[in-house]
Amino acid sequence: MSWHILPAELHLAIVHILPQNDTRALSLTSWSAHDICLPAIFANVILPDSVSLLAFARHVPPRYGPYVRSLAISTKGPDDLSDPILAILTTCTRLSVLSLSLASPITPEKLVPAFASLRHVHTFQIGSSTTEDVSPVSERLVVALAASLPSLSHLTLNRITRSAIHIDPCDIPFNVPVVTNDFDVPPHPRFGSHLSLPNLLRIPSLRSLEILDTWLGCDSKIDARASSSLQNLVLTGSMYSSESQSESLACSTWLHACPSLHSFHLGSALAPLPHPSSPPRVSHVHINASRIPVDDLSSTLDALASCHVQSISIAYGKESHSLADISPFKSPPDDDFTRQCALDDLQDWSAVLDAWVPGRSQEAWSSLSHIDVSFAQDIAASWDF
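Because the structure is a prediction, the values reported are computed rather than measured.

*Asks:* With reference to specific residues and values, describe the overall build of the chain.
*Replies:* A count of helical and extended segments in the chain gives 10 helices and 14 strands. For the chain, with 385 residues in total, the buried portion stands at 47%. Intrachain contacts of the chain at a sequence separation of at least 6 include 73% that bridge at least 24 residues. Summed over all atoms, the accessible surface of the chain reaches about 18300 Å², with 55% contributed by carbon and sulfur.

Here is the structure:
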């Protein structure tokens, strides 16, 4: 049967299930097939470097922009690439998912106003693709961009550098990089110059926030509890281990700034706050055993007391790459050594929990129904209450 005599509905259905390479090949067979395939070809655009970014901005007709639903941009090099990024974003009027991995300077005065026109973007990821001391991504830039997106609901930050504008110099550890030249970030229409990371909790549409490999030790006071509408929070802490105590207190402060969370994923230990506010409600807590030492489990659980936690999971890494469709098990270890390490870890974590369970406060943990520790498909333990 000839392609040309098939109804348009069938054409669209075929294109919808074709792999990307086959879609591109089909688009070259005729002008009609080309027009039908264009939305699928440009629906998910990945620009992995500055060369592809510049080529896309120069050679892809602006009329193709509305086809782009997901856009991932990576930059590298000394050149400011704000203009090509701005040119692409201006044409992507139906964009819903945006990812920026930055290793080049950009001009905030150009990008921040443009983000206000991205009315359909609900998922935004931004971070540094290199080390913080080489090409830092300022928290002020991140907050200004995120707060400018009218429909933002899911935000992921990776390796964001704190700003000297918002931190007391006496509170900055010597080994933590800090941005000192981000005065060019324009004031936000609603937030003004208050562009530190905790102000993300003031974004009314935000439901999911992931802060990865970012120093949080300066966030000992957060004034956003009344306006926070978060449902899912992920805090992995940073690589600055010498600041673990201050980060533990800061992560607890972030937790107490959220009145009610569906899930709270931890890559940093918690510490009980000296003067806690009324405790938040947290349905599920996931503890990343590859980043939190087993010796810190007791203090973390103490900090979670009275948070109405219903279930706790402990595993290597995050439960999943997203906060939905959680997979409870890691794949089986590929060698005997790895398997033995997982068995040893299970024994250590189980010993701490076996000691904690009978001594926990029944009143504080009255909502807890299940604890699951899973380091592989057949290396797991659970407690039901």
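*Asks:* So, the sheet that holds strand β9 (residues 232–235): which residues are in play, and what are the values?
*Replies:* With respect to topology, 12 strands assemble into an open sheet ordered β1-β2-β3-β4-β5-β8-β9-β10-β11-β12-β13-β14, the strand pairing being mixed. The sheet is open, and its two edges are formed by β1 (44–47) and β14 (379–384), each paired on a single side. Here the strands of the sheet are splayed against their neighbours by 5 degrees on average, with no regard to which way each runs. Sheet analysis places strand β2 (residues 70–74) next to strand β3 (residues 97–102), joined by 5 bridges and oriented parallel. Along β3, the bridge assignment pairs Ser74 with Ser101. On the sheet, helix α10 (residues 336–359) packs against β11 (281–288), β12 (311–315), β13 (370–376) and β14 and is oriented at approximately 15 degrees with respect to β14.

*Asks:* Can you explain the packing of helix α6 (residues 108–115) against helix α7 (residues 139–148)? Please cite residues and give values.
*Replies:* In the contact formed by α6 and α7, the axes pass within 7 Å of each other and the chain directions differ by 25 degrees. As far as their axial angle goes, α7 and α6 are roughly parallel. Considering the relative orientation of α6 and α7, their crossing is right-handed. Residues Pro108, Leu111, Val112 and Phe115 of α6 form the contact with α7, whose own contacting residues are Leu141, Ala144, Leu145 and Ser148. Each residue belonging to the contact of α6 with α7 can be placed in one class, and the counts come to 7 nonpolar, 1 polar and no charged.

*Asks:* So, the pairing of β11: which residues are in play, and what are the values?
*Replies:* β11 sits mainly inside the fold: 6 of its 8 residues count as buried. Judged from the 6 bridges that link them, strand β10 (residues 260–266) and β11 form a sheet pairing that is parallel. Looking at the pairing, Leu266 lines up with Ile287 of β11. By the bridge criterion, 5 bridges tie β11 to β12 in an arrangement that is parallel. Across the sheet, the residue bridging to Asn288 is Ala315, located in β12. Running through helix α9 (residues 297–304), the crossover from β11 to the neighbouring parallel element β12 is right-handed.

*Asks:* Can you explain the packing of aromatic side chains? Please cite residues and give values.
*Replies:* Tallied over the entire structure, the rule returns 6 aromatic pairs. Geometrically, the ring pair formed by Phe42 and Tyr64 is tilted, given 5.1 Å between the ring centres and 45 degrees between the ring planes. Of this pair, Phe42 sits in the loop between α3 (31–41) and β1 while Tyr64 sits in the loop between α4 (50–59) and β2, and the two are 22 residues apart along the sequence. The exposure class assigned to Phe42 is buried, which follows from its relative accessible area of 13%. Centre to centre, the rings of Tyr64 and Tyr67 are 6.2 Å apart; their planes meet at 35 degrees, and the pair counts as tilted. Look at Tyr64 and you get buried, because its relative accessible area is 12%.

*Asks:* Any details on the pattern of salt bridges? Residues and values, ideally.
*Replies:* Tallied over the entire structure, the rule returns 5 salt bridges. Arg162 is the partner of Asp219 in a salt bridge, and the nearest nitrogen-oxygen pair spans 2.9 Å. Placement of the pair is Asp219 in the loop between β8 (208–212) and β9 and Arg162 in strand β6 (residues 162–163), with a sequence separation of 57 residues. On the basis of relative accessible area, Asp219 is assigned to the buried category, the value being 4%. A relative accessible area of 2% places Arg162 in the buried class.

*Asks:* Account for the pairing of β8, naming residues and giving values.
*Replies:* Burial within β8 is extensive, with 5 of its 5 residues counted as buried. Two elements, strand β5 (residues 154–158) and β8, share 5 bridges in a ladder whose sense is parallel. Considered in β8, the bridge of His154 is made with Ser208. Relative to β9, β8 is paired through 4 bridges, and the arrangement is parallel. From the neighbouring strand, Glu210 faces β9, where its bridge partner is Val234.

*Asks:* How would you explain the nonpolar core if you had to name every residue and give the values?
*Replies:* Proteins that are soluble and globular tend to have nonpolar side chains buried together. Grouped together as the largest cluster of nonpolar side chains are 96 residues, with contacts concentrated most on Leu71, Leu98, Phe124, Leu209, Phe264, Ile312 and Ile314. Of the residues forming this core, the biggest block, 7 residues, is contributed by α7. Filtering out sequence-adjacent residues up to four positions away, Ile312 remains in contact with His284, Val285, Ile287, Leu301, Trp365, Leu368, His370, Ile371 and Asp372.

So, how was this worked out
Residues numbered from 1 in each chain as written. Predicted model: local features only at pLDDT ≥ 70, side-chain atom pairs only at ≥ 80, totals over all residues. Heavy atoms only, no water. Helix = DSSP H or I, 4+ residues; strand = E, 2+ residues; numbered from the N terminus. Buried < 20%, exposed > 50% of the residue type's maximum accessible area, 1.4 Å probe, protein only. Contact = heavy atoms within 4.5 Å. Areas by Shrake-Rupley, 256 points an atom, 1.4 Å probe, with all protein chains shown as cover. Pairing = 2+ DSSP bridges. Axes fitted to C-alpha atoms, helices over the stretch in contact; angles between N-to-C directions. Parallel < 35°, antiparallel > 145°, perpendicular 65-115°, else oblique. Left-handed = near helix turned anticlockwise from the far one by under 90°. Nonpolar A, V, L, I, M, F, W, Y, C, P; charged D, E, K, R; others polar. Right-handed = clockwise from strand over helix to strand, strands pointing away. Phe/Tyr/Trp six-rings, centres within 6.5 Å; stacked < 30°, edge-to-face > 60°. Salt bridge = Lys/Arg side-chain N within 4 Å of Asp/Glu carboxyl O. Core = buried A, V, L, I, M, F, W, Y, C linked by side-chain atoms within 4.5 Å.

That is the geometry; function is a separate question.
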